[in-house]
Amino acid sequence: MGTEVPQRKTSMGNIILASGISKKYEATQALRDISFNVSEGEIFGFIGPDGAGKTTLFRIITTLILPDEGELKVMGLDAVRGFRELRKNIGYMPGRFSLYQDLTVEENLNFYATVFGTTIKENYDLISDIYSHIEPFKKRLAGKLSGGMKQKLALSCALIHKPGLLVLDEPTTGVDAVSRFEFWEMLKKLRKHNITILVSTPYMDEAMRCDKVALIQGGSILSIDKPENIRKGFSRKLFSVKAPEKYLLINALRTYKGTITAYPFGDSVHVTFTDDRYDDSIFAFLNEKGIREVTINESAAGIEDRFLELMQAQETMKTPPFISPPGEGWEGG
């Protein structure tokens, strides 16, 4: 009987199809009834804070751990029964730098190429845009690289065997803003190589760079959609409130009778009010609290605002896990 080989789906086919995935660590429910699909060629992002369940889910997808419940197909194969073949066709970059720090840049890349039965020369065109940034330092020990350079080396090693699926667990955490921007530009260029990318991040601004995102919190998916659609799903008018004393402003706004929510956002506070409006009494209220030079302007909601709204609904209303809408190519439940 021949070996089952992963098949990359035809255009817009499902590279990942997950249905009812759950995972528990003793008393901690890490994942709860997770269902989603990822189409070929997509950059699909999982957005959520630390402890939301992103790493556990990615370790299941990369066949490193088993789910307690649910079904998972990756590139047409069952992720449990077909794990040996899948590992040959998945590139995984964990959140923690896991390359050999006492080997040089070149030695690390050669090692990973050898493990997957290929060479740097054979797939150099795939990693050239990334590896060219660190190639001048190929004799340097990996442990001596900066955060941004370690990131590029780890990505090169994850790509050297030309995988059909690239899984990146918080790849930009701990690197500077310039390196973050460069990294996402590199991911966009990988589209021409027909590589599907699954990425997690705690940074809401990075969500807008994905084709589709899933908001995850407490092991449950709150929403799945295109980033712009999630942003537009914010249910109220949002106001940006500014004053010199931001800390005092937040605390005062949270005690104002007309406030529904108040969260810090950059140099302002994002606030929702009862009936989606405010009156001059708020200025008098804040003035009594010693807060002056207050400005209030209506503001467009971002993904972070929508995430906080959904998270609050989950906590206060005990909403059930997200169920996919019909007609989106989802299976199971």
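Residues numbered from 1 in each chain as written. Predicted model: local features only at pLDDT ≥ 70, side-chain atom pairs only at ≥ 80, totals over all residues. Heavy atoms only, no water.

A. Summary view of the packing of aromatic side chains. Evaluated as defined, the whole model comprises 13 aromatic pairs. Seen from their ring centres, F239 and F273 are 5.5 Å apart, and the 55 degrees between their planes marks the pair as tilted. Taken together, the residues F239 in strand β11 (residues 238-242) and F273 in strand β13 (residues 268-273) connect sequence positions 34 residues apart. Comparing F239 with F273, the two get one shared label, buried. Ring centres of F273 and Y278 lie 5.7 Å apart, and the angle between their planes is 45 degrees; on these two criteria the pair is classed as tilted. (Phe/Tyr/Trp six-rings, centres within 6.5 Å; stacked < 30°, edge-to-face > 60°. Helix = DSSP H or I, 4+ residues; strand = E, 2+ residues; numbered from the N terminus. Buried < 20%, exposed > 50% of the residue type's maximum accessible area, 1.4 Å probe, protein only.)

B. Seen up close, the nonpolar core. Ranked by size, the top nonpolar core spans 45 residues in total, and within it L155, L159, L166, L168 and I197 carry the most contacts. Counting residues in each nonpolar core, the second largest holds 30 residues, with I16, I65, M75 and L86 among its members. (Core = buried A, V, L, I, M, F, W, Y, C linked by side-chain atoms within 4.5 Å.)

C. The sheet that holds strand β12 (residues 259-265), seen in detail. Within the open sheet, the 4 strands sit side by side as β12-β13-β11-β14. Their pairing is antiparallel. Both edges of this open sheet fall to β12 and β14 (295-299), since each of them pairs with a single strand only. The average undirected angle you get between the axes of adjacent strands in this sheet is 30 degrees. Bridge count between β11 and β14: 5 bridges; the pairing is antiparallel. By the bridge assignment, F239 is partnered in β14 with E298. (Pairing = 2+ DSSP bridges. Axes fitted to C-alpha atoms, helices over the stretch in contact; angles between N-to-C directions.)

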